[in-house]
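# Chain and residue survey
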Amino acid sequence: MTTSKAPSHAYVWSWLAGQSEPIPTGVLEAIPTPGGGHVITFAYGRSYLSTSNAIPIYLPELPLRRGRIEPAPDLDVAGAIRDGGPDAWGQRVILRQLGSSGRDADPSDVPLLDYLLRSGSDRPGSLDFQVSPSTYVPRLHNTSIEDLQRAADAIQDGTELDASLAEALTAGSSVGGARPKATLTDGSRHLIAKFSSPTDPYPVIKAEAAAMKLAEIVGLNVASTELIQVSGRDVLCVERFDRGAGGTRRGFVSALTILGLNELAGRHATYHDLADVVRQRFVGRTQSLKELFSRIVFNIVVGNTDDHARNHAAFWDGERLELTPAYDICPQARIGGEQFQAMAIAPNGARSSQFATCVGAAHHYELSESNARAIIDRQVRLVTEHWDEVADRVGLSGAERRGLWGHQILNPYATYGYGPSTH
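My aim in this report is to walk through the structure given alongside it, one point at a time. Since we're looking at a predicted model, the values are computed, not measured.

So, on to the overall build of the protein. Along the backbone of the protein there are 13 helices and 11 strands. Taken against the 2.2 N^0.38 rule, which gives 22 Å for 423 residues, the C-alpha radius of gyration of the protein at 22 Å falls within 12% of a compact globule. A principal-axis box enclosing the C-alpha atoms of the protein has dimensions of 65 × 50 × 45 Å. Per-residue burial over the protein gives 53% buried out of 423 residues. The contacts in the protein between residues at least 6 apart in sequence include a share of 65% that link residues at least 24 apart. With the model as given, the accessible surface of the protein reaches about 18400 Å², and the carbon-plus-sulfur share is 51%. The average position of the 40 basic charges and that of the 48 acidic charges among the side chains of the protein differ by 2 Å.

This is the structure:
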């Protein structure tokens, strides 16, 4: 793998509320540590600090003040900055652009600032990263979804990839997750295209499309999706909730950042800790807690156990947090019955994928047992009633829907211990 000298600085640009163009915001600097690594500090620019409507990128980690701000002791960079960087898939795309074609390439070989400066400018939220503090040069692409899918396939199977397609795929590489995807625009719509993979063991894209439609039906606040066919392959187009009219952007942070955790510690993130923050810092406390609880229940209903802290997020307006629409709700491959959610649901650490676990933790989400049961029963009823309709809509065959129903979707394990109320 070939790479140029690692950058020591990167300049942060941001879109303020209602603005269609970014402004220079501050500078990131890689500071060597005794162990041979680096921590990345941030400092606001003077011009940004003097802007009347400037907001902190995120509190408490990046308060609006002069001087260098170091990340928290367990972090090598502020979480709000890392949220804007490429995740597993985007890193893989950039590694390929740098000359690595193997699956065993180590993403840590590329410094974070390099990832930030190489990934596309149409990244999540309201930040971008540039080599200049005064001249903004967006890294964007204008490539067809057909070409993006071909490029994604080439990344996955290690075949030859045209340089222009590699550049286009890299420009759309800043969205998170491990599966192949890219950003694109369709008229005034800003989308994330999620591609199927030749190695998928079941119809992953159709299953996610079905789960997202069912989430709408049960009343969750969920990102809008559309399942399309591209060259005979399934592609799920997800409408972006961080983009507005006229080129405006809306900032948000992941639950990993909200909880102040690094990637390794993220496996210890919990729903109940997130609920504690909702109580303290979110708008619409009662409704937000109910929505969070309802999302936990729905993940169990459809067998989504990939509900880790990066798959939850909140808008940030400089003062308060607000849950974003739900996203990345995808039934996961499953063998047998017993299953666990990625994040603990109850303060005692319980995370089994069962409705009884949710009922036992309901009070932590400021819900009575009867209210919790009403949410669960309504979701089960609506998913049962609408399953065939939704399966038809997304094109699941009879064999495919039988493979999902009773396995990922409403696995009997979910109902164990969920008897009638004792009150």
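For side chains of opposite charge, pairing can occur when their charged atoms come near one another. Counted by the stated rule, this structure contains 28 salt bridges. With a closest N to O distance of 3.0 Å, Arg-68 and Glu-29 form a salt bridge. A residue pair is termed long-range when its members are at least 10 positions apart, and Arg-68 in the loop between α1 (46-49) and α2 (79-82) and Glu-29 in strand β2 (residues 23-32) qualify at 39 residues. Accessibility expressed as a relative area gives 47% for Arg-68, which makes it partly exposed. For Glu-29, a relative accessible area of 23% puts it in the partly exposed group. The shortest N-O distance in the salt bridge between Asp-200 and Arg-179 comes to 2.9 Å.

This paragraph deals with the environment of Gly-337. If you trace the backbone, Gly-337 turns up in the loop between β11 (321-323) and α11 (355-361). For Gly-337, a relative accessible area of 29% corresponds to the partly exposed category. Between the C-alpha atoms of Gly-337 and His-407, which are 70 residues apart in sequence, the distance is 7.9 Å. Sequence-distant contacts of Gly-337, defined by excluding residues within four places in its chain, comprise Asn-411 and Tyr-413.

Most of strand β3 (residues 38-44) sits inside the fold, with 5 of its 7 residues counted as buried. Relative to β3, β2 runs antiparallel, the two being bridged by 7 bridges. Residue pairing in the sheet places Ile-31 in a bridge with Val-39 of β3. Between β2 and β3, which pair antiparallel one after the other, the connecting turn spans 5 residues, and Gly-36 there sits at a positive phi close to 95°.

Cut-off values and rules
Residues numbered from 1 in each chain as written. Predicted model: local features only at pLDDT ≥ 70, side-chain atom pairs only at ≥ 80, totals over all residues. Heavy atoms only, no water. Helix = DSSP H or I, 4+ residues; strand = E, 2+ residues; numbered from the N terminus. Rg over C-alpha atoms; globule rule 2.2 N^0.38 Å. Buried < 20%, exposed > 50% of the residue type's maximum accessible area, 1.4 Å probe, protein only. Contact = heavy atoms within 4.5 Å. Areas by Shrake-Rupley, 256 points an atom, 1.4 Å probe, with all protein chains shown as cover. Lys, Arg positive; Asp, Glu negative; His and termini not counted. Charge placed at Lys NZ, Arg CZ, Asp CG, Glu CD. Salt bridge = Lys/Arg side-chain N within 4 Å of Asp/Glu carboxyl O. Pairing = 2+ DSSP bridges.

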